[in-house]
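Fold and contact review
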Amino acid sequence: MIEQQWIAMDEYLCEQTQTPDESLEAALKSSAEAGLPAINVAPNQGKLLQMLARLRGARRILELGTLGGYSTIWLARALPADGTLLTLEADQHHADVARKNIERAGLSGVVSVIVGDAADTLEDFARDGIPPFDFIFLDADKQSYPEYLRLVLRLSRPGTVIVADNVIRGGRVTDAGSADPDVIGVRQFFDMLARDAHVSSTAIQTVGSKGWDGFSISIVS
Ligand code: SAH
Ligand code: DHB
Ligand code: MG
């Protein structure tokens, strides 16, 4: 019952704050038709990511976990015409679907989908000495968040914003004795944030069409 109210409220908020967008709707439709799970961010969460990237003035964005490119499209639209978004995806089928969705949205010029295990790709980036990112969105497998944080901090600079999705997991993250690898990963991720004097963080819980979950938001100094 309460979940129905969360969903109704999300629908109301999206109606009041967003105009229907053909490319985003087409991305969700084609993702569903291609059999991808509906684990994309909600529309109002996508716009939050976009607004955070705009507030940051981001010119270089990194995303871990592309799926069908739904959050990718939201984030890429925060970029100036000469901006860059690199999005990392392990699953070739997801990447194929995402590339079509990104193309349809007219964003192929700024977005590159890189197929492979995100940790391997991030190691390559560090070895190649690529320029740091202004905004980083972690949304691949949750058990690897500690490893991803270690790797993306090497690709950050003072002022880089790091947002991580799914850090609440229906409240299961408070369970210190959990055997769930995702919960263990997220807890270790928070421990790393807490210990790092060069990272200032907060986290917010969200309810709505994607259930009870939330984001962490960090600024590197
Ligand atoms: N950001 C997307 C949702 C991502 S779902 C959105 O909101 O629209 C998580 C994605 O991470 C899935 O597509 C999954 O295939 C991918 N993934 C899982 N493990 C990965 C890994 N080790 N490296 C890269 N991508 C991975
Ligand atoms: C899952 C992954 C996500 O990124 C998400 O937002 C929700 C669920 C999952 O793997 O189940
Ligand atoms: Mg997610």
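Coordinates for the structure precede this section.
The shown structure was predicted, so the numbers you read here are calculated from the model rather than taken from an experiment.

With that out of the way, let us pick up the coordination of the magnesium ion (ligand 3). The protein atoms that coordinate the magnesium ion (ligand 3) are D139 (OD), D165 (OD) and N166 (OD1), at distances spanning 2.0 to 2.2 Å. The sequence pattern describing where the donors of the magnesium ion (ligand 3) fall on their chain is D-x25-D-N. A residue pair is termed long-range when its members are at least 10 positions apart, and D139 in the loop between β4 (135–138) and α7 (145–153) and D165 in strand β5 (residues 161–165) qualify at 26 residues.

Right, let's get into the site of ligand 1. As a structural note, the neighbourhood of ligand 1 is formed by 21 residues, with S71, E89, H94, D117 and D139 the closest of them. Note that an oxygen atom of ligand 1 is positioned 2.6 Å from one of the side-chain N or O atoms of E89. Its atoms largely coinciding with the cavity grid, ligand 1 occupies the largest pocket. Residue assignment for the shell around ligand 1 shows that the elements contributing at least two residues are α4 (70–76) and β2 (84–89). Residues belonging to the shell around ligand 1 are distributed by class as follows: 9 nonpolar, 6 polar and 6 charged.

A separate point is the site of ligand 2. Every residue close to ligand 2 is listed here: I39, D139, K142, D165, N166 and R169. Contacts to ligand 2 include D139, whose side-chain N or O atom sits 2.7 Å from an oxygen atom. Between ligand 2 and N166, the relevant distance is 2.7 Å, taken from an oxygen atom to a side-chain nitrogen or oxygen of the residue. Expressed as a share of its isolated accessible area of 300 Å², the protein-covered part of ligand 2 is 63%. In this structure the site holding ligand 2 corresponds to the largest pocket.

Turning next to the sheet that holds β2. Pairing is mixed across the open sheet formed by 7 strands, whose spatial order is β3-β2-β1-β4-β5-β7-β6. The two strands at the open ends of the sheet, each matched to only one other strand, are β3 (111–115) and β6 (199–206). Across the sheet, the axes of successive neighbouring strands diverge by a mean angle of 15 degrees, strand direction being ignored. With 5 bridges joining them, strand β1 (residues 60–64) and β2 adopt parallel strand pairing. Opposite E63, over in β2, you have T87 as the bridge partner. Across the sheet, helix α5 (residues 92–104) is in contact with β2 and β3; its angle to β3 comes to roughly 170 degrees. The strands that helix α6 (residues 118–128) touches are β1, β2 and β3; relative to β2, the one it contacts most, it runs at about 140 degrees.

Rules behind the numbers
- Residues numbered from 1 in each chain as written.
- Chains lettered and ligands numbered in written order.
- Predicted model: local features only at pLDDT ≥ 70, side-chain atom pairs only at ≥ 80, totals over all residues.
- Heavy atoms only, no water.
- Donors = N, O, S within 2.8 Å, 3.2 Å for Na, K, Ca; no water.
- Helix = DSSP H or I, 4+ residues; strand = E, 2+ residues; numbered from the N terminus.
- Near = heavy atom within 4 Å.
- Polar contact = N/O pair within 3.5 Å; in protein donor to acceptor, adjacent residues only side chain to side chain.
- 1 Å grid on protein atoms, 1.4 Å probe; cavity = no way out; pocket = protein on both sides within 12 Å on 5 of 7 lines; lining within 4 Å.
- Sits in = over half its atoms within 2 Å of the grid points.
- Nonpolar A, V, L, I, M, F, W, Y, C, P; charged D, E, K, R; others polar.
- Areas by Shrake-Rupley, 256 points an atom, 1.4 Å probe, with all protein chains shown as cover.
- Pairing = 2+ DSSP bridges.
- Axes fitted to C-alpha atoms, helices over the stretch in contact; angles between N-to-C directions.
- Contact = heavy atoms within 4.5 Å.

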